[in-house]
Amino acid sequence: MRALVMTAPGGSENSEVREVDAPRPGPGEVSIDVAYAGLNFVDVMARRGDTGYAFEWPHRPGLEIAGTVRELGAEVGGLSVGDRVAAVPTGRGLAEVALARAELVVPVPDGVALREAAAVPLGLATSLLLLTEAGRFTPGDTVLVHSAGGGIGSAIAQLVPLLGGGRLIGTVGRPEKAAAAEKGGYDLAIARGDGLAEAVRAATGGRGVDLVLDPLGTTALALDLEVAAPGGRIVLFGNAGGGTVDALPPAGRLLSGNLTITGFSHRGLVAAAPAKVANATSRVLGFLADGRLAFPLSELASLADVPAAHDLMAEGRATGKYVVQVGG
Ligand SMILES: NC(=O)c1ccc[n+]([C@@H]2O[C@H](COP(=O)([O-])OP(=O)(O)OC[C@H]3O[C@@H](n4cnc5c(N)ncnc54)[C@H](OP(=O)(O)O)[C@@H]3O)[C@@H](O)[C@H]2O)c1
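Since this is a predicted model, take the numbers as computed values, not measurements.

1. A few points about the pattern of salt bridges
Then, number 1: Tallied over the entire structure, the rule returns 16 salt bridges.
Then, number 2: Between Arg2 and Glu96 there is a salt bridge, and its shortest N-O distance comes to 2.9 Å. On the criterion of sequence distance, the pair formed by Arg2 in strand β1 (residues 2–6) and Glu96 in the loop between β5 (84–87) and β6 (97–101) is long-range, its members being 94 residues apart.
Then, number 3: A salt bridge links Glu133 to Lys276; the nearest nitrogen and oxygen atoms lie 2.7 Å apart. With Glu133 in helix α3 (residues 120–134) and Lys276 in helix α10 (residues 274–289), this residue pair connects regions lying 143 residues apart in the sequence.

Right under this line is the structure:
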């Protein structure tokens, strides 16, 4: 079978599609014929060699798939060969066959295309959990989202209206991405730079925002604290720039503002609370099935196109969410 292989830390020069052996499921596992796979920034972080993302080289990326069940391992119930499913694989998902723990394999409802389902187990499920589980979103909240034009950022804009609606302010790394973020559902998108705090304050009538969703390590944390409204929640969920993160700020600002800083990790939930990821995946698939969610995707035709798309993501030039067609 064909699989995307990253041979060494670096860029697309170290990514290639290779023939490898198809995996067989162990106890509690399912093998899946992958129809589509989602692209995620975590694969870019692994590719560039960020600590804690690739544990061996060559590295086989891919953490989000949709396809059909190929084979059931021992002790797996409730699934049958041929079922249409979406899953968080045990890594190595950018391949024609991937393995997943059964508890992270979710049926795809009739009427939902596998192409769309492939964006759910990591990207859309994370976006939902950021809002609900970590962010305690309440209808009417004003939400500030950094990297608003990317995969997670665009999904959050689609999900907020389904959770009761709120005001959405996004930041983007390049001015030319602001228009796409606003087209994708943000009430206002601002390029990060001087005057950002003032712009956010002005946009909220001086009150600030109820919730900040921040994947920028701690580089924007001072700003987040500056623009958080009383009682505001800040969710740190990434470190897009790589490198070390700073210590958290002194408690004084949190105490005086009744503020909360929360961490979020999809990988952490996969390990410690997989049912939360599976439930979020099912819930988003339900939104797609009943037509309440129509999520725009950029589709790549084959695994060979993935390294160039990873380049766009690594350079901050990608917009929206990418999926790749892998199998038939
Ligand atoms: N904690 C979790 O479980 C979890 C799960 C999924 C994703 N994430 C995080 O959420 C973020 C979005 O993920 P995604 O898969 O949807 O990717 P994405 O948004 O499509 O791409 C990543 C974005 O990060 C921003 N960025 C900021 N500094 C960067 C830098 N130094 N180099 C490259 N990009 C930089 C860029 O947008 P701007 O320049 O517009 O800011 C870029 O477009 C990522 O940081 C990812 O690690 C976390």
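From this point, things continue past the structure.
2. Describing the packing of α3 against α10
Then, number 1: Between α3 and α10, whose axes approach to 8 Å, the crossing angle comes to 100°. In terms of orientation, α3 lies roughly perpendicular with respect to α10. In contact with Val120, Pro121, Leu124, Ala125, Leu128, Leu129, Thr132 and Glu133 of α3, α10 contributes Lys276, Val277, Ala280, Thr281, Arg283, Val284, Leu285, Phe287 and Leu288.
Then, number 2: When its residues are assigned to classes, the contact of α3 with α10 shows 12 nonpolar, 2 polar and 3 charged.

3. Topic: the environment of Glu96
Then, number 1: By relative accessible area, Glu96 is classed as partly exposed at 22%.
Then, number 2: Those residues in contact with Glu96, other than ones at most four positions away along the chain, are Met1, Arg2, Ile32, Asp33, Val34 and Val326.
Then, number 3: A polar contact of 2.7 Å, which involves the side chain of Glu96, links it to the backbone nitrogen of Arg2.

4. What about the pairing of β1?
Then, number 1: In terms of residue burial, β1 counts as a mostly covered element, since 4 of its 5 residues are buried.
Then, number 2: Both β1 and strand β2 (residues 15–19) contribute to a ladder of 5 bridges, which runs antiparallel. When the sheet's bridge partners are listed, Leu4 is paired in β2 with Val17.

5. Some thoughts on the nonpolar core
Then, number 1: Counting residues in each nonpolar core, the largest one holds 55 residues, and the members touching the most others are Leu124, Leu131, Ile156, Leu213 and Leu285.
Then, number 2: The leading source of residues in this core is α3, at 8 residues.
Then, number 3: A domain-level breakdown of this core finds at least three residues from each of domain 1 (2–119 + 295–325) and domain 2 (123–266).
Then, number 4: Dropping the residues within four chain positions of it, Ile156 is found in contact with Ser127, Leu130, Leu131, Val145, Leu168, Tyr186 and Leu213.
Then, number 5: In this structure, Ile32, Val34, Ile65 and Met313 belong to the second largest nonpolar core, which totals 26 residues.

6. A look at unusual backbone geometry
Then, number 1: Here Trp57 and Pro58 are connected by a cis peptide whose omega angle stands at 0°.
Then, number 2: Of note, the phi angle at Glu75 is positive, near 70°, even though the residue is not glycine.
Then, number 3: Relative to the helices and strands, Glu75 is located in the loop between β4 (65–72) and β5.
Then, number 4: Exposure remark for Glu75: the relative accessible area of 73% places this residue in the exposed category.
Then, number 5: Phi is positive for Arg92, which is not a glycine, with a value near 55°.
Then, number 6: Within the element layout of this structure, Arg92 appears in the loop between β5 and β6.
Then, number 7: When its relative accessible area of 38% is taken as the criterion, Arg92 is described as partly exposed.

Parameters at a glance
- Residues numbered from 1 in each chain as written.
- Predicted model: local features only at pLDDT ≥ 70, side-chain atom pairs only at ≥ 80, totals over all residues.
- Heavy atoms only, no water.
- Salt bridge = Lys/Arg side-chain N within 4 Å of Asp/Glu carboxyl O.
- Helix = DSSP H or I, 4+ residues; strand = E, 2+ residues; numbered from the N terminus.
- Axes fitted to C-alpha atoms, helices over the stretch in contact; angles between N-to-C directions.
- Parallel < 35°, antiparallel > 145°, perpendicular 65-115°, else oblique.
- Contact = heavy atoms within 4.5 Å.
- Nonpolar A, V, L, I, M, F, W, Y, C, P; charged D, E, K, R; others polar.
- Buried < 20%, exposed > 50% of the residue type's maximum accessible area, 1.4 Å probe, protein only.
- Polar contact = N/O pair within 3.5 Å; in protein donor to acceptor, adjacent residues only side chain to side chain.
- Pairing = 2+ DSSP bridges.
- Core = buried A, V, L, I, M, F, W, Y, C linked by side-chain atoms within 4.5 Å.
- Domains from an automatic or database assignment.

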